Amino acid sequence: MTGRQFPAWAVTVVMLAVLVGAGLGVNALEANAPPNGPIGVRMTLGRDSVVHPLQVNVSGARAYETILDEDENPLETVGVWVLVDLSYATTDEPSLPGDFVLVDERGRRYPITGRDFGEWFASPDLWHRGTLAFEVPLDALGDLTFEAWPSGLGPGSDTPMPYAVLALRVDPGTVEPGPGVVEEPELLPVGER
Amino acid sequence: MSGPAPYPPPYQPGQGREDWMAPAQEPLPAAPPPLPQHRSRRATVALAVVGILVLGSLGWRVSAEARDTWWHGESHVPVPVDANGVASHEGVSIELVGVERLDGGVDTYDERWEPPAGTVLWQVGLAVESTNTEIYSLDTLVQDTQGRRFETGNDVPYGVEGIQDSLDVAQPEPGDDPLPAVQYLLVLMPEDAEPATVRLESSWSLSPDYFRLPVTE
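- An unreviewed UniProt entry lists chain B under the name DUF4352 domain-containing protein, from Occultella gossypii.

- If you look chain A up in an unreviewed UniProt entry, it shows as DUF4352 domain-containing protein from Occultella gossypii.

1. Some thoughts on the pairing of strand β10 (residues 142-149) of chain A
Side-chain direction in a regular strand flips from residue to residue, so the side chains alternate between the two faces of the sheet.
Residue and element names in this part refer to chain A.
Item 1. Burial of β10 is extensive: 6 of the 8 residues sit out of reach of the surface.
Item 2. Across 5 bridges, strand β7 (residues 99-103) lies against β10 in antiparallel orientation. Looking at β10, one finds that F100 is bridged to A148.

2. Topic: the interface of chain A and chain B
Item 1. Contact with chain A, which involves 18 residues of that partner, is made by 18 residues of chain B.
Item 2. Summed over both partners, the interface of chain A with chain B comes to about 1500 Å²; 60% of that surface belongs to carbon and sulfur atoms.
Item 3. Connecting chain A to chain B are 2 salt bridges.
Item 4. The salt bridge partner of E93(A) is R149(B), with a shortest N-O separation of 3.3 Å.
Item 5. For the pair chain A and chain B, the number of links is 5 residue pairs in polar contact (both at pLDDT 80 or more).
Item 6. When its residues are assigned to classes, the side of chain A that touches chain B shows 9 nonpolar, 5 polar and 4 charged.

3. A short note on the sheet that holds strand β9 (residues 128-136) of chain A
Sheet strands pair by backbone hydrogen bonding; their relative direction is either parallel or antiparallel.
Residue and element names in this part refer to chain A.
Item 1. The 5 strands lie next to each other as β2-β3-β6-β9-β13, forming an open sheet whose pairing is antiparallel. At either margin of the open sheet sits one strand with a lone partner, and together these are β2 (49-51) and β13 (186-187).
Item 2. Of the pairings in the sheet, the one linking β2 to strand β3 (residues 54-64) comprises 3 bridges and is antiparallel in character. Across the sheet, residue S49 finds its bridge partner in β3, namely V56.

What counts, and where the lines are drawn
Residues numbered from 1 in each chain as written. Chains lettered and ligands numbered in written order. Predicted model: local features only at pLDDT ≥ 70, side-chain atom pairs only at ≥ 80, totals over all residues. Heavy atoms only, no water. Buried < 20%, exposed > 50% of the residue type's maximum accessible area, 1.4 Å probe, protein only. Helix = DSSP H or I, 4+ residues; strand = E, 2+ residues; numbered from the N terminus. Pairing = 2+ DSSP bridges. Contact = heavy atoms within 4.5 Å. Buried area = accessible area lost by both parts, 1.4 Å probe. Salt bridge = Lys/Arg side-chain N within 4 Å of Asp/Glu carboxyl O. Polar contact = N/O pair within 3.5 Å; in protein donor to acceptor, adjacent residues only side chain to side chain. Nonpolar A, V, L, I, M, F, W, Y, C, P; charged D, E, K, R; others polar.

What follows is the structure in structure tokens.
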């Protein structure tokens, strides 16, 4: 065909611009709503890790036969209590973290106990230190995986949600009789964890 | 033997595989006439239109949930502020009276409260007038110049004289006290946070609209 209206280089430039624009758009979309299922961020003990909108710093885990509830009465269990000490804040918006889960070597998943305590509200760059209590059977101890889900686990496994994972070692031989004390979450001076 | 040998040859047990793969005896069919060397402009345009339609419809489908939850649920349409600094929407008029830094802490009902090192306590003053009977309260957040949003009433002491825990918007019942002329709320922010705007939101009763009141010196 003759009478071409647009020079080839212009067509090429426009098509490249459309391609790059589409790519940038998809990148932005992917950053906000990862389309390929949950995205795990690996955490390091004692270091700040960011899973938008949460910043988490886990300092360790310990196990007790008994802990005290908020009224200082002992909470008995047929298993053991695993207490995870951590501090967290958010990056840019106030938020109540969705879910914290402890996973054992056999893949069994334990949420934070519903008998008392719970997670606490977080604000940008204002860190609180506190303790999460998990009730697990004795044979779950050993190599554990701690998961933090800022926006919750979501309604189904296909829902893309970012989360953070941390390998935690709690030896069955280190279970203390207790009672362990779960401290109230404490607002920290800036810079402390 | 009459006529050309059948192809492929009938199967004979023990026959070699090569015979099966033997080339055809017939001459190759004539090559088709060469394709035109240029693509028709109409075809190019049609291809582009189809591509855009396909991409668009896929994007529309994929973004359905995001559009529903974000577009309608998140506060992203600011209510216009008039020349006097008053924003009015659905019978609620709000004016930002001031955002003030409270250095040195505050007195609560039983003790002195000081913010942790590296944080600063701020007081937000808002004048609210309302004829709306459905909105009872609004979440009040202070957004700093870095875009971080801090909610009033979080990490702040209770029982401070003249300070409310949350912003009252509801039109008072007949016989009740009217809304205070100015309502004061507390917000805690890191030392490096510089208040830029005050946001009043409600995901249930207001979204996607929200009040955005700029902080002036």
